[in-house]
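# Architecture at a glance
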Amino acid sequence: MTLKIYSFGGGQMVEAMLRAALKKEVITPETAGVTDISIDRVNYLTDTYHIQASQQPDWTAVENADLVILGVRPQDNWQEIMKELVAHHYQKDVLSIIAGVTVTQLSSQEDLFAITRIIPNTLTDVAMGYSGVVKNDRANQTVIEDFLNSFGKVDYIDESLLDVFTGYGVAGPNYIYNFLISFTNAGVLAGMPRQQANKLALENLRAAAAFVEQSGKHPAELLDINNSAGGVGITAQHELDKSSFSAGIENAVLAAVKRTKELGKQNKGD
Ligand SMILES: NC(=O)C1=CN([C@@H]2O[C@H](COP(=O)(O)OP(=O)(O)OC[C@H]3O[C@@H](n4cnc5c(N)ncnc54)[C@H](O)[C@@H]3O)[C@@H](O)[C@H]2O)C=CC1
Ligand SMILES: O=C(O)[C@@H]1CCC=N1
């Protein structure tokens, strides 16, 4: 089924979602509309994806849409967009990707909409990674899932966990990219050519993830297998144990979750 969607805001995240959905043919350039206050974004989206983009909302396209996306930032005037949707009698599904803004805040003016709130994963181009999803009773699960499955996996969660899901799971690739950079640099520091270090780092990451998944074992058990007595692995382990490796990652996640909560409180809906 081809979905008709319309997005308020056509920034980085919306672009990534639309690019994946276009590739999977869940939407087509003719059935995808976007409004963005930035003329540069409008021109870029039109030129690159041939979708229907404009600076002013196309209310006919909105009224015909199966799904309206709120793709602006928490600091932007999403409340005004909701008011306009009410004024134009839009009554189908609204999908918000705005970090930190709750379903209750989104529904606060008129209890009209079928609302789904997601924190999309940014790994849309490989259609992997979980998006955290919270929906109210009216949301059309079929429409929502057709769209969401086109750019990743779906994890229905309690809204109380969504900020943690954001700072931990959705910011998740950032921690992995940082690990990959540090690990590759370590190889180069030890004398390995950069290209080879990249290749080994990526293969180790993939293989270790596959091994954890396939063996069903706790990573600590797998560490035991890889550490011979008085050997290489346990020597490296000793240095890691002395370092702030674990605390650094833990603190980064806690800071990301805290920032998600702050953004939710600062938004214009309050
Ligand atoms: N980038 C990411 O990794 C993720 C972002 N998000 C959420 O997605 C949302 C968008 O984030 P980004 O795409 O990174 O930001 P962005 O700044 O690239 O996109 C926001 C777009 O909205 C436009 N805009 C602002 N007010 C508008 C209005 N009233 N009407 C129409 N367009 C308007 C801006 O011109 C801009 O192009 C945020 O709420 C963020 O929390 C969620 C998960 C991941
Ligand atoms: O930085 C951001 O705003 C988004 C939310 C989680 C990951 N990226």
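Since the structure is predicted, the reported quantities are computational estimates derived from the model, not experimental observations. (Residues numbered from 1 in each chain as written. Chains lettered and ligands numbered in written order. Predicted model: local features only at pLDDT ≥ 70, side-chain atom pairs only at ≥ 80, totals over all residues. Heavy atoms only, no water.)

### Brief notes about the packing of helix H1 (residues 12-23) against helix H2 (residues 39-49)
- Packing of H1 against H2 brings their axes to within 12 Å, and their N-to-C directions diverge by 15 degrees. By the criterion of interaxial angle, the relationship of H1 to H2 is roughly parallel. When you trace H1 past H2, the crossing you get is right-handed. Between H1 and H2, the contacting residues are Gln12, Glu15, Arg19 and Leu22 on the first element and Arg41, Tyr44, Leu45 and Tyr49 on the second.
- Across the contact of H1 with H2, the residue classes tally to four nonpolar, one polar and three charged. (Axes fitted to C-alpha atoms, helices over the stretch in contact; angles between N-to-C directions. Helix = DSSP H or I, 4+ residues; strand = E, 2+ residues; numbered from the N terminus. Parallel < 35°, antiparallel > 145°, perpendicular 65-115°, else oblique. Left-handed = near helix turned anticlockwise from the far one by under 90°. Contact = heavy atoms within 4.5 Å. Nonpolar A, V, L, I, M, F, W, Y, C, P; charged D, E, K, R; others polar.)

### Details of the domain arrangement of the chain
- According to the domain assignment, the chain contains domain 1 (5-166) and domain 2 (172-260).
- Computed over C-alpha atoms only, the centres of domain 1 and domain 2 are separated by 35 Å.
- Between domain 1 and domain 2, the contact holds seven residues from the first and four residues from the second.
- When the two sides are added together, the surface that domain 1 and domain 2 hide from each other amounts to roughly 470 Å², 66% of it contributed by carbon and sulfur.
- At the surface where domain 1 touches domain 2, the tally comes to zero residue pairs in polar contact (both at pLDDT 80 or more).
- Class assignment of the residues belonging to the side of domain 1 that touches domain 2 gives a composition of two nonpolar, four polar and one charged. (Domains from an automatic or database assignment. Buried area = accessible area lost by both parts, 1.4 Å probe. Polar contact = N/O pair within 3.5 Å; in protein donor to acceptor, adjacent residues only side chain to side chain.)

### Some points on the sheet that holds strand E4 (residues 67-70)
- In space, the eight strands of this open sheet follow the order E3-E2-E1-E4-E5-E6-E7-E8, with mixed pairing throughout. Only two strands of the sheet have a single neighbouring strand rather than two, namely strand E3 (52-54) and strand E8 (153-156). Averaged over neighbouring strand pairs, the angle between their axes works out to 25 degrees when direction is ignored.
- The strands that helix H7 (residues 162-170) touches are strand E6 (114-119), strand E7 (130-135) and E8; relative to E7, the one it contacts most, it runs at about 170 degrees. (Pairing = 2+ DSSP bridges.)

### Observations regarding the pairing of E4
- Across the two faces of E4 the burial is the same, with Leu67 and Ile69 and Val68 and Leu70 all buried.
- Relative to E4, strand E1 (residues 5-8) is paired through four bridges, and the arrangement is parallel. Opposite Ser7, over in E4, you have Ile69 as the bridge partner.
- Sheet analysis places E4 next to strand E5 (residues 93-96), joined by four bridges and oriented parallel. Bridging from a neighbouring strand, Val68 pairs with Val94 of E5.
- With respect to chirality, the unit in which E4 leads through helix H4 (residues 78-87) into the neighbouring parallel E5 is right-handed. (Buried < 20%, exposed > 50% of the residue type's maximum accessible area, 1.4 Å probe, protein only. Right-handed = clockwise from strand over helix to strand, strands pointing away.)

### A few points about the packing of H7 against helix H8 (residues 172-189)
- Across the interface, H7 lies against H8 with an axial gap of 4 Å and an inter-helix angle of 25 degrees. Between H7 and H8, the interaxial angle falls into the category roughly parallel. Facing H7, whose interface residues are Gly167, Tyr168, Gly169 and Val170, H8 presents Gly172, Pro173 and Tyr175.
- Broken down by class, the residue content of the contact of H7 with H8 amounts to four nonpolar, three polar and no charged.

### Focus: the packing of aromatic side chains
- Taken as a whole, this structure holds five aromatic pairs when the rule is applied.
- The interplanar angle of 65 degrees and the centroid separation of 5.6 Å between the aromatic rings of Tyr6 and Phe8 together place this pair among those described as edge-to-face. Note on accessibility: Tyr6 and Phe8 belong to one class, buried.
- Among the aromatic residues, those joined into a ring-pair cluster are Tyr6, Phe8 and Trp59. (Phe/Tyr/Trp six-rings, centres within 6.5 Å; stacked < 30°, edge-to-face > 60°.)

### Considering a nonpolar patch on the surface
- Residues Phe179, Phe183, Leu240, Phe245 and Ile249 make up a contiguous nonpolar surface patch of roughly 410 Å² in combined accessible area.
- Going through the elements one at a time, H8 and helix H12 (245-266) are the ones with two or more residues in the nonpolar patch.
- Within the element layout of this structure, Phe245 appears in helix H12.
- What makes Phe245 partly exposed here is its relative accessible area of 38%. (Patch = residues over 30% accessible without salt bridge, like charges linked within 9 Å, V, L, I, M, F, W, Y side chains within 5 Å. Areas by Shrake-Rupley, 256 points an atom, 1.4 Å probe, with all protein chains shown as cover. Salt bridge = Lys/Arg side-chain N within 4 Å of Asp/Glu carboxyl O.)

### Focus: the nonpolar core
- Ile5, Met17, Leu95, Phe147 and Leu148 are the most contacted members of the largest nonpolar core, which has 31 residues in total.
- Those elements that place two or more of their residues in this core are H1, strand E2 (32-35), H2, E4 and helix H6 (141-148).
- Looking at this core element by element, the count peaks at eight residues for H1.
- Residues contacting Ile5, with those up to four places away along its chain left out, are Leu18, Ile27, Thr31, Ala32, Gly33, Ala65, Leu67, Ile69 and Phe147.
- One finds Met82, Tyr90, Leu162 and Phe165 within the second-largest nonpolar core, a separate group that totals 28 residues. (Core = buried A, V, L, I, M, F, W, Y, C linked by side-chain atoms within 4.5 Å.)

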